[in-house]
Amino acid sequence: MTQQHQFDALIVGAGGAGLMAALHASKAANVAVISKLYPTRSHTGTAQGGIAAALANMEEDHWEWHMFDTIKGGDYLVDQDAAEILARDAIDAVIELEHMGLPFDRTPDGRIEQRRFGGHTAEYGKRPVMRACKSADRTGHMILQTLYQNCIKQKVKFFDEFFVVDLIVTDGACQGVVAVEINTGEVHLFHAKATLLASGGFGRMFKVTSNAHSLTGDPVAAVWRRGLPLEDMEFFQFHPTGMYKLGILLSEAARGEGGVFINDKGERFMERYAPTMKDLASRDVCSRCIYLEVKEGRGIGGKDYVYIDIRPETINRYQSGPGGKTVTAEELEKKLPDIIEMMRVYQGVDPITAPVPIQPTAHYAMGGVPTDADGRALADERGTLVPGLFAAGECACVSVHGANRLGTNSLVDLVVFGRRGGRAMAEYVQTAELKPLPADPAGAVVQELERIRRQTGTEKAAKIRAELQEVMMDNVGVFRTGPMIATALAKVRELKERFGRVQIDDKGQRFNTDLLETFELGCLLDLAEATALSALNRTESRGAHSRDDFPKRDDVDWLKHTFVRYTGPASAAPTNGQTAITYKPVTITKFQPQERKY
Amino acid sequence: MKFKVKIKRYNPETEQKPHFETYEVEADPGDRVLDVLHYVKWQQDGTLTLRRSCAHGICGSDAMRINGQNALACKVLVKDVVKEGGLLTVEPLLGLPLVKDLIVDMEPFFEHYRSVMPFLVNNDALPADGRERLQSPEARDRFDKGTWCILCAACTTSCPSFWGNDQYIGPAAIVQAHRFVFDDRDQGAADRLEVLGQQFGVWRCRTAFNCTNACPREIPVTQLIGEVKQALATGKLE
Ligand SMILES: Cc1cc2nc3c(=O)[nH]c(=O)nc-3n(C[C@H](O)[C@H](O)[C@H](O)COP(=O)(O)OP(=O)(O)OC[C@H]3O[C@@H](n4cnc5c(N)ncnc54)[C@H](O)[C@@H]3O)c2cc1C
Ligand code: FES
C-alpha cells in the first residue's frame, strides 16, 4: 500500500539546515519536513565549539576578515561571492538565533560571548581573533533545540522517522520523494513542487569518524543515482582531535581555550609547522602535522597517536590561553564541560590532570550536491538548474568551504544557506506548477527494497561496511597517493558487486532497521565511489586533499571544482556503470590565491 | 571479556507479548553497551532492533533499561555493568507503548513536551540597533541546567508517578518549562505555570528522585521541579 501526500515544498532532514529552511519556507508555503531521525536526534546537536560571526563583541573584527579566512582556509577553492554572503549574513543570522531564544554565553555587558577557533584571524592572518559565538561546548545542541522549539511554535509539519529512499525526477525536474515510514514499513509518495535536501554528511564511509551512525548520505546517493552531479567529493575533512580509536570529536574549542598538541618527546610540535597560528592552524594542516609526527616516530610510545593537552599548568606554561591569560581548572570545566566529561567517560582520562590521546577523525564533507547561493541544485558545471531541487547544509556544496572548512563555519553555513534556500524555495513554489506524477514513481526503489529483503546469499552488510570503512580510511584519508586511491576504488567496486548478495535476517515490515541499514550501506558505497573517483582524478594537493605523489597545489591546472557523475541509466540501487568528470571554474572576486601559511 | 547479555525482545508482527533472548558476547571492558548491542545485531541476529545515532551521549536516541536502570546505551561502559562471565540485562523503557524490541513509541512523550510551550515567548520589539537582546551572565546561568536536556526520556520513564498515570506530563516536560520560565527574556511564564499547575502537572511529582538518578546529562531534575513548584506556590520567579 502506497500512501500519497501533496505539499508545496518538502524538506528532507531536520538538522540545522533543514529546520532553518523550514522556519523560513513555511512562512510563505505549505511545507513538510521529512526526517529519518526525530529532529532533535540530528547530528547538528553534537556540534560543540561554536558558530562564527564577526560580531566584534570581544575585540575588533570585520566580516571581510571572516571572508578572507574562509577563502584561505578553503585553500582558494572557495567561491568568493558565496563566502562573502556567508561572512556578511553570519552576523544577522546569529542575531536571529538569539532572538529565537538561543541561550548564548554572555559577556559581562550582556552581549554574546565569543572565543578563538582554528584559522579565524584578525587583519587577514595576523593573529587569532575571538569570533566563535558559543554556548559552552554545546553550541550545536542549543541551535538544534532552539530551531526545533521555533518549529513547534510555528506549527511546522513533520514526518518523523520517515526514511527517504529515492527522489522522483521526471524530465530532469524533481517532483518529490519516496519515503518509507519506519514504524510501519509502508511506502509513502511525497509529491511537491520543490524539494530541499538537508541530509547532512556521510562520514560513515570511514572507519574512524566523528559522524553519527545515521550519517550515510542516502538522499545524496539518490542524486548520484539519478545521474546528477556531485561537486568536490575528494575534499573530506579529517579533524585533528578525534578520541583515539573511537573517533569521537574533541572540539577545536579545546585549543581555542589554550590546549596544545604534544608529541612523544613532550614537544609542542605545531610551533615548528605553523609559527603564527600554532595549534590554531586550520584543521587540514594540523591533521597532516600529526600524521607526519607519527610517521617520523614521534607518536606517543611510537604509536599512531599524539596528545592534546589542556591541563591548566600546560596552558599557562605556554601562555596559550585566550589573549595569553592564565586559565584555571574551574574556568575550563565551565567552558568545555561536555568534552571534558566525554574524555572522562570514554577514555577514562581526566584532561585536567593528564593529556589525552587523539588521532585525526573523518569529520566533514566539503563536497556534495552543487548549488547556487540560494540553494538551487545545479544540473551541470555551466550552472543549469534542476527545476524543483534544492540543497543546504553539509550535504550541499555552495561552495563556501572549498578544499577545507574552517571550524565554526558549518553552523554558519546551515543557518545562512538554510535560510536562503528556504526563502528561495518558498518563492519558487509561488509560480511553479505541480505537474502530475509519472506512473509508479516508487516502483524502482520498492523493487530494490524488496530485493534486499528477500535476497539470499552469503554476504553480510556489517562485514561489507567494515571493509569499506577500512579501505577508505587507509587509502583515501589524511594522505593519499594515486595507487592507494586506485586500490580503494577497486575495492569499493568489488564491494558493490558483493552487496548484491547480502542476505539480511529481518524479513518483517515494522521498524526493519536490518533492511534500512543495508540500504544505507548501498548509499555509502556509491558516495565512496564518487569520493575515490574525484580524489584519483585530482593530481595536486589542496586543503584536505593531500596527494603524496603530487605534494604541491597547482593553480594553473586545478583551480577548479570537480563535478563527478554517474552516466548510466537512472537507478534506485547502487550504480554499476560509466562515470564522468567535468569542471567548474572557481569564482574569485576579492582575494587572489596566495601560498597558504599559518 | 566474555559474558552474556539478556535482551527483552518483541516482534509485533509475530508475537503477542515480549520474551527474553540471551546472547553470548565478547567485548572490551571499555566498550559501550551500545557496542555490545551492535555486536549482537551485526554478528548474531540482525533482527535486533534499537534506535541509536550519535553513539556518544548527545542525540538522546538510545535510552533504555540497563540492569534495571534507565541510561543511554552509548554512555554506559561494559566494565561498569557486568563482570567476566556475568549477565547483563537490557530492556526497553517503561511507561511508553512498546513498538518492537528496544523501541518504544515516543509520541506521548513529545506530546507532553509540546504542552508546556517549549519555546521563547517575547512580544516586545526587537532591539532597535538590530543586535542581540542583552542578558547578564548571571541571568543566563539561572536557567542553564535545563538547557542541557536532550529529550531522551530517561527521566520521565523512570518516574513512578508517570508509570502510575501516563497523563502526568513528567519530569522532562517540567525541565523544559523551567528552562523558559527562568529565562529573563521570556514572557510566557504565566501560561506555562497554568499548564504545570493543573491536575496532571507538577504536583504529581512525589520527589522520588528516580529522574535525577536517571538523567544522563546530570541535570538535577528534582531540584528544577522543586523550583517550579516554588514558583507556583509563591507566584514568584526567583
Ligand atoms: C562532533 C561534531 C562537532 C561539530 N562541531 C561543529 C562546530 O562547533 N561548529 C561548526 O560550525 N560545525 C561543527 N560541526 C559540523 C556541523 O555540526 C555539521 O556539519 C552540521 O551540523 C550538519 O548539519 P545539517 O543540517 O546539514 O545535517 P544534520 O544535522 O546531520 O541533519 C541531517 C538530517 O537529515 C536527516 N536524514 C538523513 N538521511 C535521511 C533520509 N534518508 N531520509 C530522511 N531524513 C534523512 C536526518 O534525520 C537529520 O535530521 C561538528 C560536527 C560534528 C560531527
Ligand atoms: S546514540 Fe546518541 S545518545 Fe546514545
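These numbers come from a predicted model, not from an experiment.

1. With respect to the overall build of chain A
Assigned secondary structure in chain A consists of 17 helices and 20 strands. Against the globule reference of 25 Å for 598 residues, chain A gives a C-alpha radius of gyration of 23 Å, in line with a compact fold. The proportion of buried residues among the 598 residues of chain A is 70%. Sequence-distant contacts, at least 24 apart, represent 75% of the contacts inside chain A between residues at least 6 apart.

2. Structural notes on the overall build of chain B
Looking only at helices and strands, chain B features eight helices and seven strands. The long-range share in chain B, meaning contacts at least 24 apart out of those at least 6 apart in sequence, stands at 64%. With 29 positive and 32 negative side-chain charges, chain B shows a separation of 3 Å between the mean positions of the two kinds.

3. Focus: the site of ligand 1
Residue and element names in this part refer to chain A. Neighbouring ligand 1 are 40 residues, the closest being Ser-42, Thr-44, Asp-218, Glu-394 and Leu-411. The separation between an oxygen atom of ligand 1 and a polar side-chain atom of Ser-42 is 2.7 Å. One of the side-chain nitrogen or oxygen atoms of Glu-394 is found 2.6 Å away from an oxygen atom of ligand 1. If ligand 1 stood free it would expose 1,000 Å²; the protein chains cover 98% of that surface. Judged by its atoms lying within 2 Å of the grid points, ligand 1 is housed in the largest cavity.

4. Some details on the interface of chain A and chain B
Each side of the interface is counted separately: chain A has 59 residues, and chain B has 67 residues. Each partner contributes to the roughly 5,200 Å² buried at the junction of chain A and chain B, and carbon and sulfur atoms together form 50% of this total. Connecting chain A to chain B are nine salt bridges. Residue A:Glu341 is joined to B:Lys75 by a salt bridge in which the shortest nitrogen-to-oxygen separation is 3.1 Å. For the pair chain A and chain B, the number of links is 40 residue pairs in polar contact (both at pLDDT 80 or more). At the level of secondary structure, the elements contributing two or more residues to the side of chain A that touches chain B comprise α3 (80–100), α4 (139–153), α11 (337–347), α14 (461–475) and α16 (513–537) of chain A. The leading source of residues in the side of chain A that touches chain B is α4(A), at seven residues. Its residues assigned to classes, the side of chain A that touches chain B shows 21 nonpolar, 20 polar and 18 charged.

5. Thoughts on helix α2 (residues 63–73) of chain A
Residues and elements named next belong to chain A. Across the eleven residues of α2, ten count as buried, placing the element largely inside the fold. Among all positions of α2, only Trp-63, Trp-65, His-66, Met-67, Phe-68, Asp-69, Thr-70, Ile-71, Lys-72 and Gly-73 are buried. Tucked inside the fold, the buried residues of α2 contact β3 (51–52), α3, β4 (114–122), β5 (127–133) and α12 (409–431). Within two residues after α2, Asp-75 carries a phi angle of roughly 55 degrees, on the positive side.

6. Some remarks on the sheet that holds strand β19 (residues 560–566) of chain A
Residue and element names in this part refer to chain A. If you trace the three strands from one edge of the open sheet to the other, you get β10-β19-β20, paired in antiparallel fashion. Of all the strands in the sheet, just β10 (230–231) and β20 (579–585) have a single pairing partner and so form its edges. Packed on one face of the sheet, helix α5 (residues 218–225) meets β10, β19 and β20 and runs near 75 degrees to β19.

7. Focus: the packing of aromatic side chains
For the structure on display, the rule yields 26 aromatic pairs over all chains. Each ring, one from A:Phe390 and one from A:Tyr428, has its centre 5.8 Å from the other, and the planes form 70 degrees; the classification is edge-to-face. Note that A:Phe390 is positioned in strand β17 (residues 385–391) and A:Tyr428 in helix α12, a separation of 38 residues in sequence. Judged by centre distance (5.4 Å) and plane angle (85 degrees), the ring pair of B:Phe109 and B:Phe110 falls under edge-to-face. Exposure remark for B:Phe109: the relative accessible area of 4% places this residue in the buried category. Judged by relative accessible area, which is 1%, B:Phe110 ranks as buried. Members of the aromatic cluster, joined through ring pairs, are A:Tyr38, A:Tyr148, A:Phe158, B:Phe109, B:Phe110 and B:Tyr113. Positioned above the aromatic ring of A:Tyr318, the side-chain terminus of A:Arg268 is 5.3 Å from the ring centre. Positioned above the aromatic ring of B:Phe180, the side-chain terminus of B:Arg179 is 4.0 Å from the ring centre.

8. Overview of the pairing of strand β11 (residues 236–243) of chain A
Residue and element names in this part refer to chain A. Burial of β11 is extensive: eight of the eight residues sit out of reach of the surface. As judged from the six bridges shared by β11 and strand β14 (residues 356–365), these two strands associate in the antiparallel manner. Along β14, the bridge assignment pairs Phe-238 with Ala-362.

9. Let's talk about the nonpolar core
Ranked by internal contacts, the top residues of the largest apolar core, which has 164 residues, are A:Ile51 and B:Leu37. At ten residues, the largest contribution of residues to this core is made by α12(A). Counting only domains with at least three residues in this core, you end up with domain 1 (2–104) and domain 2 (107–234) of chain B. Contact partners of A:Ile51, with chain neighbours within four places excluded, come to A:Val94, A:Leu97, A:Phe104, A:Arg131, A:Ala132, A:Cys133, A:Thr139, A:Ile143, A:Thr408, A:Leu411, A:Val412 and A:Val415. Membership of the second largest hydrophobic core comes to 88 residues, among which are A:Phe159, A:Leu389, A:Leu437 and A:Leu533.

10. Here we look at the environment of A:Phe159
Residue and element names in this part refer to chain A. Relative to the assigned elements, Phe-159 resides in strand β6 (residues 157–160). In this structure, the C-alpha to C-alpha distance between Phe-159 and Lys-491, residues 332 residues apart in sequence, is 37 Å. Beyond its immediate sequence surroundings of up to four residues, Phe-159 is in contact with His-5, Phe-7, Ala-32, Val-33, Ile-34, Ser-35 and Phe-190.

11. Considerations on the pairing of strand β3 (residues 63–66) of chain B
Residues and elements named next belong to chain B. Across the two faces of β3 the burial is the same, with Ala-63 and Arg-65 and Met-64 and Ile-66 all buried. Examined bridge by bridge, β3 and strand β4 (residues 69–72) share four bridges and lie antiparallel to one another. Within β4, the position partnered with Ile-66 by the bridge is Gln-69. Bridge count between β3 and strand β5 (residues 87–91): two bridges; the pairing is antiparallel. Across the sheet, the residue bridging to Arg-65 is Glu-91, located in β5.

12. Some words on the pattern of salt bridges
Residues and elements named next belong to chain A. Evaluation of the coordinates by the stated rule reveals 82 salt bridges over all chains. As a salt-bridge pair, Arg-553 and Asp-75 come within 2.6 Å of each other at their nearest N and O atoms. Residue Arg-553 is located in the loop between α16 and α17 (555–558), and its partner Asp-75 is located in the loop between α2 and α3; the two are separated by 478 residues in the primary sequence. Note on Arg-553: relative accessible area 23%, which makes it partly exposed.

13. Focus on the sheet that holds β5(A)
Residue and element names in this part refer to chain A. The sheet built from three strands is open, its strands ordered β3-β5-β4 with antiparallel pairing. Taken across any chain shown, the strands that pair with only one partner, and hence form the sheet edges, are β3 and β4. Pairing between β3 and β5: two bridges, direction antiparallel. Pairing of Ala-52 across the sheet is with Ala-132, part of β5.

Scoring rules and cut-offs
- Residues numbered from 1 in each chain as written.
- Chains lettered and ligands numbered in written order.
- Predicted model: local features only at pLDDT ≥ 70, side-chain atom pairs only at ≥ 80, totals over all residues.
- Heavy atoms only, no water.
- Helix = DSSP H or I, 4+ residues; strand = E, 2+ residues; numbered from the N terminus.
- Rg over C-alpha atoms; globule rule 2.2 N^0.38 Å.
- Buried < 20%, exposed > 50% of the residue type's maximum accessible area, 1.4 Å probe, protein only.
- Contact = heavy atoms within 4.5 Å.
- Lys, Arg positive; Asp, Glu negative; His and termini not counted.
- Charge placed at Lys NZ, Arg CZ, Asp CG, Glu CD.
- Near = heavy atom within 4 Å.
- Polar contact = N/O pair within 3.5 Å; in protein donor to acceptor, adjacent residues only side chain to side chain.
- Areas by Shrake-Rupley, 256 points an atom, 1.4 Å probe, with all protein chains shown as cover.
- 1 Å grid on protein atoms, 1.4 Å probe; cavity = no way out; pocket = protein on both sides within 12 Å on 5 of 7 lines; lining within 4 Å.
- Sits in = over half its atoms within 2 Å of the grid points.
- Buried area = accessible area lost by both parts, 1.4 Å probe.
- Salt bridge = Lys/Arg side-chain N within 4 Å of Asp/Glu carboxyl O.
- Nonpolar A, V, L, I, M, F, W, Y, C, P; charged D, E, K, R; others polar.
- Pairing = 2+ DSSP bridges.
- Axes fitted to C-alpha atoms, helices over the stretch in contact; angles between N-to-C directions.
- Phe/Tyr/Trp six-rings, centres within 6.5 Å; stacked < 30°, edge-to-face > 60°.
- Lys NZ or Arg CZ within 6 Å of the ring centre and 35° of its normal.
- Core = buried A, V, L, I, M, F, W, Y, C linked by side-chain atoms within 4.5 Å.
- Domains from an automatic or database assignment.

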